[in-house]
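Coordinates in review
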Amino acid sequence: MNELEPFKILVKEVIKKAGISQNRKALRLLSAWASVCDENMKAHTRVSGFRGGVMEVEVDTHVILQELGGFRKAGLAEQLRKAMPGEIQDIRFVIYRGQ
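Residues numbered from 1 in each chain as written. Predicted model: local features only at pLDDT ≥ 70, side-chain atom pairs only at ≥ 80, totals over all residues. Heavy atoms only, no water.

Sheet architecture is open: 3 strands sit in the order S1-S2-S3, paired in mixed fashion. The two strands at the open ends of the sheet, each matched to only one other strand, are strand S1 (45-51) and strand S3 (90-95). Within this sheet the neighbouring strands show an average axis-to-axis angle of 25 degrees, counted without direction. Two strands pair when backbone bridges link them, and S1 and strand S2 (residues 54-59) are joined in this way by 6 bridges, in the antiparallel orientation. In the sheet register, Arg46 faces S2, and the bridge partner there is Glu58. Sheet strands in contact with helix H4 (residues 62-71) are S1, S2 and S3, and its direction is about 165 degrees off that of S3. Relative to the sheet, helix H5 (residues 73-83) contacts S2 and S3, its axis offset from that of S3 by approximately 125 degrees. (Pairing = 2+ DSSP bridges. Helix = DSSP H or I, 4+ residues; strand = E, 2+ residues; numbered from the N terminus. Axes fitted to C-alpha atoms, helices over the stretch in contact; angles between N-to-C directions. Contact = heavy atoms within 4.5 Å.)

Spelled out as structure tokens, the structure:
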């Protein structure tokens with residue numbers, strides 16, 4: 001298994017579960033999120049959807065939800081707007097719903 005295999009699996013899973021039908025847009029969303037995340041954030045989050053300019057990101061704990069949704073949201077949203085101008089207006093953080 002090469003280094004990119006887990007990323008490929010994640011992309012397919014996000015596209016399937018989030019109903020993102022446009023592969024290129026899904027890849028750009030995932031890429032944008034990965035570009036603003038540090039390694040710790042990547043380990044505790046995943047992009048789960050995109051609707052109406054709002055990127056939905058699932059987090060695995062309430063502590064991470066508080067940190068990202070409260071303390072770091074504005075900065076992350078600004079970075080994402082720069083990464084995907086005109087497409088991402090906001091981020092919504094939710095607790096991982098499982099499945």
